[in-house]
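# Structural overview
Chain residues, written in single-letter form:
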Amino acid sequence: MIDLHTHSRASDGTDTPRQVMEAAAAAGLATVALTDHDTTSGWADAAASVASTGVALVRGTEISTRATVPGGGLSVHLLAYLHDPAHPALLTELARTRDDRVTRARRMAELLAEDFPLTWDDVVAQTHDGATVGRPHLADALVAAGVAADRDEAFATMLHPGARYYVPHYAPDTADAVRAVLAAGGVPVMAHPRAGKRGRVVTEETIAELADAGLAGLEVDHRDHEDADRRRLAVLAADLGLLATGSSDYHGTGKLNRIGENVTDPDVLSEIERRGRLEVLRP
Ligand code: AMP
Ligand code: ZN
Ligand code: FE
Ligand code: FE
């Protein structure tokens, strides 16, 4: 079994990278991808756990991007697999995004502090050193302050994009990010293209344009997709000649997603590895 989308404490998961590998082993997975938001800082720890866990590692990143649509911008998550982590253009973009994520989280904390007992230090206290900061850390601070019951409630209310506390952050244009991943020797796959609970989703026309720009695949099987979404995305992937993946988007205890709850076909992983610059690290 192959799960191509997980998060560790290097971003907004609750496990260390080693613990993600151990959770993968306990779930009986053969291969797992570590895909923290806008960073590769968890790769080394995960790679060091391949031998002891017996789980193969796909090194990846979930890149925050923005697609321009009529009436504004739309947040699109782009999974990059097996790319050179030192490619300058990609490195610069990811660093810029991470920096602005801090500015943005501070601004959201200020807005939240107008109505709730919350300080920036409370957010920092919920964030592991060097982690990519995101709304989940704000959620954890709100939970610790007794303002929300759990991350889910915080996301449904105060942290929702429609809430007055929501502030966007810098993110590269989606097509530019696709091209940067390709230039870095990586394989770009759009994460949860129909996760509508989080806000608007990309149109099929936009997906077709991204396929023209070099997008390699679509994450079809994902908890945030209804059966009808999965069927439609599978047809779309076939029509556009894109790979279809399935993944858990595991975040440790930060989300309900269980590691290995959706999986990817071994032939699809073989094709990703064939196209990627890095190898899958095997025990
Ligand atoms: P951000 O990128 O900082 O805007 O935060 C978005 C991240 O929050 C996503 O990557 C999700 O993994 C996470 N997230 C979204 N909704 C929820 C939820 N209901 N509960 C926990 N985490 C969530
Ligand atoms: Zn996340
Ligand atoms: Fe995502
Ligand atoms: Fe994710």
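Read on for an overview of the structure. Being a predicted model, the structure only gives us computed values, none of them experimental.

### Remarks on the sheet that holds strand 2 (residues 31-34)
The seven strands lie next to each other as 1-2-3-4-5-6-7, forming an open sheet whose pairing is mixed. The open sheet has two free edges, formed respectively by strand 1 (2-6) and strand 7 (243-246), since each of these has just one partner strand. Each adjacent strand pair in this sheet contributes to an overall mean axis angle of 35°, direction not counted. Those strands touched by helix 11 (residues 266-275) are strand 1, strand 2, strand 3 (56-69), strand 4 (72-81), strand 5 (187-190) and strand 7, and its axis lies near 115° from that of strand 7.

### Comments concerning the coordination of the iron ion (ligand 4)
Around a metal, the perfect tetrahedron of four donors has angles of 109.5 degrees, and the perfect octahedron of six donors has angles of 90 or 180 degrees. Distances from the iron ion (ligand 4) to its protein donors, His5 (NE2), His7 (NE2), Glu62 (OE) and Asp249 (OD), fall at 2.1 to 2.2 Å. Classification of the site at the iron ion (ligand 4) as irregular follows from its four donor atoms and the range of 77 to 164° in their angles at the metal. Counting gaps between the donor residues of the iron ion (ligand 4) yields the pattern H-x1-H-x54-E-x186-D. Between the iron ion (ligand 4) and the zinc ion (ligand 2) the interatomic distance amounts to 4.4 Å. Linking histidine 7 in the loop between strand 1 and helix 1 (17-26) with glutamate 62 in strand 3, this pair joins segments that are 55 residues apart in sequence. For glutamate 62, a relative accessible area of 1% gives the class buried.

### Observations regarding the site of ligand 1
Around ligand 1 sit 14 residues, and of these His37, Arg101, Arg104, Arg135 and Asp152 come closest. At a separation of 2.9 Å, an oxygen atom of ligand 1 approaches a polar side-chain atom of histidine 251. Separating an oxygen atom of ligand 1 from a side-chain N or O atom of lysine 255 is a distance of 3.2 Å. Taking 500 Å² as the accessible area of ligand 1 by itself, protein coverage stands at 91%. Contributions of two or more residues to the shell around ligand 1 are made by helix 4 (88-113), helix 6 (135-144) and helix 7 (151-156). By residue number, the principal contributor to the shell around ligand 1 is helix 7, which donates three residues. Class assignment for the residues of the shell around ligand 1 results in two nonpolar, five polar and seven charged.

Calculation criteria
Residues numbered from 1 in each chain as written. Chains lettered and ligands numbered in written order. Predicted model: local features only at pLDDT ≥ 70, side-chain atom pairs only at ≥ 80, totals over all residues. Heavy atoms only, no water. Pairing = 2+ DSSP bridges. Helix = DSSP H or I, 4+ residues; strand = E, 2+ residues; numbered from the N terminus. Axes fitted to C-alpha atoms, helices over the stretch in contact; angles between N-to-C directions. Contact = heavy atoms within 4.5 Å. Donors = N, O, S within 2.8 Å, 3.2 Å for Na, K, Ca; no water. Tetrahedral: all angles 85-135°; square planar, octahedral: opposite > 155°, others 65-115°. Buried < 20%, exposed > 50% of the residue type's maximum accessible area, 1.4 Å probe, protein only. Near = heavy atom within 4 Å. Polar contact = N/O pair within 3.5 Å; in protein donor to acceptor, adjacent residues only side chain to side chain. Areas by Shrake-Rupley, 256 points an atom, 1.4 Å probe, with all protein chains shown as cover. Nonpolar A, V, L, I, M, F, W, Y, C, P; charged D, E, K, R; others polar.

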